[in-house]
Every structure is written in C-alpha cells, then in structure tokens.
Amino acid sequence: MINVAFVCLGNICRSPMAELIFKNMVEERGLNLSFRITSFGTSDEEEGNPIYPPAKRTLLMHGIPGNHVAKQITLRDVKNNDYLLVMDSSNLMNLLRMTCGEYGGKIYKLCSFTPNPRDVADPWYTRDFEKAFADIEEGCKCFLEYLLKEKSEAFEYDKRH
Ligand code: 4NP
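Residues numbered from 1 in each chain as written. Predicted model: local features only at pLDDT ≥ 70, side-chain atom pairs only at ≥ 80, totals over all residues. Heavy atoms only, no water.

**A word on the pattern of salt bridges**
- With the rule as written, the count across this model stands at eight salt bridges.
- Lys 131 is the partner of Asp 135 in a salt bridge, and the nearest nitrogen-oxygen pair spans 3.0 Å. Here Asp 135 pairs with Lys 131, and both are found in helix α6 (residues 129-150), just four residues apart, close to one helical turn.
- Within this structure, Arg 118, Lys 131, Asp 135 and Glu 138 form a network of salt bridges that share partners. (Salt bridge = Lys/Arg side-chain N within 4 Å of Asp/Glu carboxyl O. Helix = DSSP H or I, 4+ residues; strand = E, 2+ residues; numbered from the N terminus.)

**Points about the packing of helix α2 (residues 53-61) against α6**
- At their nearest, the axes of α2 and α6 sit 10 Å apart, and the two run at 60° to each other. Classified by the angle their axes make, α2 and α6 are oblique. α2 and α6 meet at a crossing whose hand is right-handed. Contact residues: Pro 54, Ala 55, Thr 58, Leu 59 and Met 61 in α2; Phe 129, Glu 130 and Phe 133 in α6. (Axes fitted to C-alpha atoms, helices over the stretch in contact; angles between N-to-C directions. Parallel < 35°, antiparallel > 145°, perpendicular 65-115°, else oblique. Left-handed = near helix turned anticlockwise from the far one by under 90°. Contact = heavy atoms within 4.5 Å.)

**Some points on helix α4 (residues 89-98)**
- Its side-chain oxygen 3.1 Å from the backbone nitrogen of Ser 90, Asp 88 forms the N-cap of α4.
- Following α4 by one or two positions, Cys 100 adopts a phi angle in the positive range, close to 55°. (Polar contact = N/O pair within 3.5 Å; in protein donor to acceptor, adjacent residues only side chain to side chain.)

**Quick notes on the site of the ligand**
- Inspection of the region around the ligand gives Cys 8, Leu 9, Gly 10, Asn 11, Ile 12, Cys 13, Arg 14, Glu 46, Asp 122, Trp 124 and Tyr 125 as its neighbouring residues.
- At 3.0 Å, a backbone N or O of Ile 12 approaches an oxygen atom of the ligand.
- Interatomic distance of 2.8 Å between a side-chain N/O atom of Arg 14 and an oxygen atom of the ligand.
- The fraction of the free accessible surface of the ligand (350 Å²) that becomes covered by protein chains is 90%.
- With respect to the detected pockets, the ligand is housed in the largest pocket.
- Per-class residue counts for the shell around the ligand are six nonpolar, two polar and three charged. (Near = heavy atom within 4 Å. Areas by Shrake-Rupley, 256 points an atom, 1.4 Å probe, with all protein chains shown as cover. 1 Å grid on protein atoms, 1.4 Å probe; cavity = no way out; pocket = protein on both sides within 12 Å on 5 of 7 lines; lining within 4 Å. Sits in = over half its atoms within 2 Å of the grid points. Nonpolar A, V, L, I, M, F, W, Y, C, P; charged D, E, K, R; others polar.)

None of this, on its own, says anything about what the molecule does.
Below you can see the structure in the form of structure tokens.
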C-alpha cells in the first residue's frame, strides 16, 4: 500500500484536483488497491469547504467527477503518508517549516517528477484552471511512472489478483 497525499494552500483547487486526477489514473490502470490517496491544505482558511466551482468544472470537462471537503494537514497526516506531493515552492516551505524539516525525504513538488520540474501555477491567481489541470495531470502521470519503475514491488498484490 502506498499512501499519497497531495498538498496545496487552501485544499479547494489544486490538491483536490490532483487527488481526483490521480485516483482516476490509478483506477484506469487497475492499481487502486495499491493506493490510499488524499489531499490537504497547509492553511485552515478553507477548512470544510467543497472544491472551488471552477476547479470542479474543469475536472468534469475532463470526465473526472468527485467531491472533497477541505482539510488542514496535521503532523499526523505527514507521518501517515509515504509521499507528500506539494504543488509549489511556497507549499514546500510551509510544510518543511511545520515539520521542522524532519520529513523532508518524503516531501516532493509534484512536477519534480516531470522532465520539466516546476511549480503548478496557482489558478486562484492566474484563473487558468486548464493550465493547472495540464500541469497536475503531467505531474501525476510522471509520478505514477516513477513508482511503477522504481517501486514495482509495491504493486505485486495487484499483479497477483
Ligand atoms: P489552492 O488555491 O491552494 O490550490 O486550494 C487557493 C485557495 C484559496 C486561496 C489561495 C489559493 N486563498 O488565498 O484564499
């Protein structure tokens, strides 16, 4: 079982998009039994709120339905996950600060797995939800390819069933 948590600031745009995109991707490949996938915000400002409507619309336009309720990440969530995939450098700094750098080995920027490492531009400010979707989708695809190549033992269960 690989525990993956996507993390952004508010947990209403980018990280719930990533959670639903990645869930959809692993389901399509029949790998869902190998994963527990969640998402969180570093801030508590949007706690309890649903996915921001333009983000939800963008997901639906790509055939990805689903809901999420925003939650702030806790130290326990950091401990309980194998991969914490943040959207940008600011999320990375917030998370490293919160954990006093102790869990740095499992915190990655999502797009660091792509051939073009970068931040996922924040659509809250850019208003470009399609661009955020494309960046997140590429990050998720490259992250899954990395796992399949480098951590193939984690998928033995799915291969046997
Ligand atoms: P997210 O987007 O971090 O991708 O969920 C944001 C949501 C809210 C705010 C900023 C970014 N805000 O400033 O309220």
